[in-house]
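Chain by chain, the residues run as shown.
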Amino acid sequence: MTADLVADILAGTCLISGALLSLAAGVGLLRFPDLLSRMHAATKPQVLGLLLILAGTALRLQNTIDITTLVLVGVFQLATAPVAAHMVGRAVYRARQVRTDLLVVDELAGDRAGEAPGPGDRVV
Amino acid sequence: MNNDAAAPPAVPVRSRWRDRAVAVTVLVMVWMLLWGVFSWANLISGLAVSVVVLVVFPLPPVIFAGRLRLLGLLHFAWRFLTDLVVASVQLAVLAFRFGHQPRSAIIRVPLRVPSDLVLTLTGEAVSLVPGSLIVDTDQASTTLYIHVINVADRAAVEAFRRNVYETEARIVRAIGSDAEIRMLDHPVPAGKGELT
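First, a word on what this report is: a plain description of the structure on this page.

Conventions and cut-offs
- Chains are numbered independently. Their residues run from 1 in the order of the written sequence.
- The naming scheme follows written order: chains are lettered A onward, ligands numbered 1 onward.
- Local features are withheld for residues below a pLDDT of 70 in this predicted model, meaning they are given only at 70 or higher, and side-chain atom pairs are given and counted only at 80 or more; totals for whole chains, interfaces and linings count all residues.
- Derived side-chain values reflect all non-hydrogen atoms in the structure, with water molecules and hydrogen atoms excluded from consideration.
- To count toward a patch, a residue needs a relative accessible area above 30% and no salt bridge. Like charges then connect within 9 Å, nonpolar side chains (Val, Leu, Ile, Met, Phe, Trp, Tyr) within 5 Å.
- To measure how exposed things are, a 1.4 Å probe is used in the Shrake-Rupley method; for residues, cover is taken only from the protein chains shown.
- We define a salt bridge as a contact between a side-chain nitrogen of Lys or Arg and a carboxyl oxygen of Asp or Glu at a distance within 4 Å.
- Helix numbers and strand numbers start at the N terminus; a helix is a DSSP run of H or I with at least 4 residues, a strand a run of E with at least 2.
- When accessible area is computed with a 1.4 Å probe and restricted to protein chains, residues below 20% of their type maximum are described as buried, those above 50% as exposed, and intermediate ones as partly exposed.
- For a helix, the expected span equals 1.5 Å multiplied by the number of residues minus one.

Examining a nonpolar patch on the surface
Phase 1 of the analysis: A grouping of Ile16, Leu20 and Leu23 of chain A together with Phe96 and Phe98 of chain B is seen on the molecular surface, where their side chains present a nonpolar patch of about 540 Å² in accessible area.
Phase 2 of the analysis: Per-element tally for the nonpolar patch: the top contributor is helix H1 (residues 3-31) of chain A, with three residues.
Phase 3 of the analysis: With relative accessibility at 52%, the residue leucine 20 of chain A sits in the exposed group.

The structure is reproduced here in structure tokens:
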């Protein structure tokens, strides 16, 4: 077993599991019932999926310039994914696109009941 | 080391300069990583670009009263990674369970430590781990409203709420001040964290 072979096996494992997680994200995106649930599928499994694919690529490339770029891709993904998900989630809730029949409990509804509708709120 | 967030304290000039120095360092590092090679030309152009960025887009003041604790950081990073893997696999399995309609919940979690930094970091950490998504936040009471997928009943909701509090505690133990760590022992304000 040479070091190259070990690196190749590790890279292959990372790439395949990353691809599987992305596939699961795609399936979830099609299958989940409402927009908020779909956001989970769209934003989350691919965080780990992308990190695994980046790690696999880094193991194959073994080139400093490429690896620094891959690190940046990972860092920006971790920093921006929650913000994007939060903005969509907030807009979804205010536009009343949440399937309330699927919620076990909604503690935000009571807290927002007293507020005047703001921009983006759909008034029923 | 007084961090009473009831009345937002004025940020001392010295820590504003410290924040700017941190921001410049991070921006220069990103610039160097983008170029991929270290050279003095990159360093100087990076410094110039980051100063322009900070002048044109000034950052809001951040109150950082604590200090970095290595053990706390390692503990947080380890738990974050394991949570990320476990939850990713759980959500992937859920996606392939055809014919199963996952139920979810929106829960309110008022954090115990009134700090914008802790609120932001807890929100990011909770949000990055699959299965939970921040729907709304309330800055005044440092409250997160979280959409959780795949919770069957109230017991699962309460288990998740404890999870968020544990994440908050790990973050405060990694970056918080002594006063903030003591706040973790306070009970959750009555009637706020419980189901009504």
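A few points about helix H4 (residues 116-128) of chain B
Phase 1 of the analysis: Look at H4 of chain B: 18 Å from first C-alpha to last across 13 residues, which is about the 18 Å you get at 1.5 Å a residue.
Phase 2 of the analysis: Among the residues of H4 of chain B, Val118, Leu119, Thr122, Gly123, Ala125, Val126, Ser127 and Leu128 of chain B are the ones counted as buried.

Examining unusual backbone geometry
All names here are of chain B.
Phase 1 of the analysis: Positive phi, close to 40°, is recorded for threonine 142, a residue that is not glycine.
Phase 2 of the analysis: Here threonine 142 is to be found in the loop between strand E2 (132-138) and strand E3 (143-149).
Phase 3 of the analysis: A positive phi angle, near 65°, is found at asparagine 150, a position not held by glycine.
Phase 4 of the analysis: For asparagine 150, the position within the fold is in the loop between E3 and helix H5 (154-175).
Phase 5 of the analysis: Owing to a relative accessible area of 41%, asparagine 150 belongs among the partly exposed residues under this scheme.

As for the pattern of salt bridges
Phase 1 of the analysis: Tallying each qualifying case throughout the model produces nine salt bridges over all chains.
Phase 2 of the analysis: We note a salt bridge from arginine 94 of chain A to aspartate 136 of chain B, for which the minimum N-O separation is 2.7 Å. Separated into two different chains, arginine 94 of chain A in helix H4 (residues 64-94) and aspartate 136 of chain B in strand E2 make up a pair that spans both.
Phase 3 of the analysis: Among the residues examined, arginine 94 of chain A registers a relative accessible area of 15% and is labelled buried.
Phase 4 of the analysis: Accessibility expressed as a relative area gives 5% for aspartate 136 of chain B, which makes it buried.
Phase 5 of the analysis: Overlapping salt bridges, with partners in common, bring together Arg90 and Arg94 of chain A together with Asp136 of chain B in one network.

Quick look at the environment of proline 114 of chain B
All names here are of chain B.
Phase 1 of the analysis: Within the element layout of this structure, proline 114 appears in the loop between strand E1 (104-110) and H4.
Phase 2 of the analysis: Under the relative-accessibility criterion, proline 114 is labelled partly exposed at 30%.
Phase 3 of the analysis: Sequence-wise, proline 114 and glutamine 139 are 25 residues apart; in three dimensions their C-alpha atoms are separated by 8.9 Å.

The values are spatial; any link to function lies outside them.
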